[in-house]
Amino acid sequence: MSTEPSISHQDTLRVSVLSEALPYIQRFAGRRIVVKYGGAAMVQEELRDAVFRDLALLASVGVQPVVVHGGGPEINQWLGRLAIEPQFRDGLRVTDAATMDVVEMVLVGRVNKQIVNGLNQVGVRAVGLSGSDGSLVRARPYGDGDHGLVGDVAAVDPAVLRPLLDNGYVPVISSVAPDSAGRAHNINADTVAGELAASLQAEKLILLTDTPGILRDRHDPASLLRQLTLSEARALIAEGIVEGGMTPKTECCIRALAQGVAAAHIVDGRVPHALLLEVFTNSGIGTMVVGSSRTLQND
């Protein structure tokens, strides 16, 4: 009668995964990673729970995650309930005073606290903030101001975040911020995440999206570009290969890298545990953009 323990294939796979993750855990412990949380990962319960567990694991191994979120679908739902017709121009929401009240209520009062509560449930000590708190983000009108209270980032002061991060808290930040006169503006969450990553000198900026990443052919998921340098990303925009909604995301990555962020990632948030797959595996699942080919070789 054999007394040797039975080791399943699943157990072996788990150990293999942990072994592959070890050098990344060691490398990123104590480093900051800014995650823009949005898309299907905010809406579908299974994906939402996977993101929360991924963030909990990152925090538990010493990584310092910072979460930035939008909340488009829920904003539209509340506008509908209040009989306020949403308006868009050039792909951006036109935000008048009545719409801004709803945006602020939904992003700061509802979505932010839902994320904080979800993270707390899996053992993360999460703290909800907006751009107003501690003068974290100051807004300015977007473009020529034709979009009403749609804003861009004028300045970032991350001082309020540092003691939270140093004491093991995970900041969860909604993309609403005041201008110099105190008027709240709705800012694209990708933009806020990128500027925060730069101000914190983050190791990584990760944008969770509803696409596989940057595609050479947007109709062919198999044409995913897994690694790009800063100059290659700029060239893809100039050549029109990166277009539509992927353009501002890629530009956000470019700006973050130009300001000192080590790497920026565009990742498919529809894949369960996309964060861990991108950060703790050799191949990743999305597109990683870095400053130079030398950085790629070192990664």
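Our subject in this report is the structure included herewith. (Residues numbered from 1 in each chain as written. Predicted model: local features only at pLDDT ≥ 70, side-chain atom pairs only at ≥ 80, totals over all residues. Heavy atoms only, no water.)

**Overview of the side chain of Thr281**
Consideration 1: In this structure, Thr281 sits in the loop between helix 10 (274-279) and strand 14 (287-290).
Consideration 2: At 3.2 Å, the side chain of Thr281 forms a polar contact with the backbone nitrogen of Gly284.
Consideration 3: Residue contacts for Thr281: discarding those within four places in its chain leaves Glu20, Tyr24 and Leu276. (Helix = DSSP H or I, 4+ residues; strand = E, 2+ residues; numbered from the N terminus. Polar contact = N/O pair within 3.5 Å; in protein donor to acceptor, adjacent residues only side chain to side chain. Contact = heavy atoms within 4.5 Å.)

**A word on helix 8 (residues 230-238)**
Consideration 1: Here helix 8 has its buried residues at Leu230, Ala233 and Leu236. Along the axis of helix 8, the buried residues cluster in a sector spanning 125 degrees; they form a single face.
Consideration 2: Of the surrounding elements, those touching the buried residues of helix 8 are strand 12 (227-229), helix 9 (246-258) and strand 14.
Consideration 3: Looking one or two residues beyond helix 8, the residue adopting positive phi is Gly240, at roughly 80 degrees. (Buried < 20%, exposed > 50% of the residue type's maximum accessible area, 1.4 Å probe, protein only. Arc of directions from axis to C-beta.)

**Looking at the packing of helix 7 (residues 189-199) against helix 9**
Consideration 1: Between helix 7 and helix 9, whose axes approach to 9 Å, the crossing angle comes to 10 degrees. One way to sum up the angle between helix 7 and helix 9 is to call them roughly parallel. Along this stretch, helix 7 crosses helix 9, giving a crossing that reads as right-handed. Residue-level inspection shows Asp190, Thr191, Gly194 and Glu195 of helix 7 in contact with helix 9, the latter providing Lys249, Cys252, Arg255 and Ala256.
Consideration 2: Looking at side-chain class alone, the contact of helix 7 with helix 9 contains 2 nonpolar, 2 polar and 4 charged residues. (Axes fitted to C-alpha atoms, helices over the stretch in contact; angles between N-to-C directions. Parallel < 35°, antiparallel > 145°, perpendicular 65-115°, else oblique. Left-handed = near helix turned anticlockwise from the far one by under 90°. Nonpolar A, V, L, I, M, F, W, Y, C, P; charged D, E, K, R; others polar.)

**Brief notes about the sheet that holds strand 8 (residues 170-174)**
Consideration 1: Here we have 8 strands laid out as an open sheet, ordered 5-8-2-1-11-13-14-12, and mixed in their pairing. Each edge of the open sheet is held by one strand with a lone partner, namely strand 5 (126-130) and strand 12. This sheet shows a mean twist of 20 degrees between the axes of neighbouring strands, independent of strand direction.
Consideration 2: Strand direction decides the pairing type here: strand 1 (residues 32-37) and strand 11 (residues 204-209), joined by 4 bridges, are parallel. By the bridge assignment, Val34 is partnered in strand 11 with Leu205. (Pairing = 2+ DSSP bridges.)

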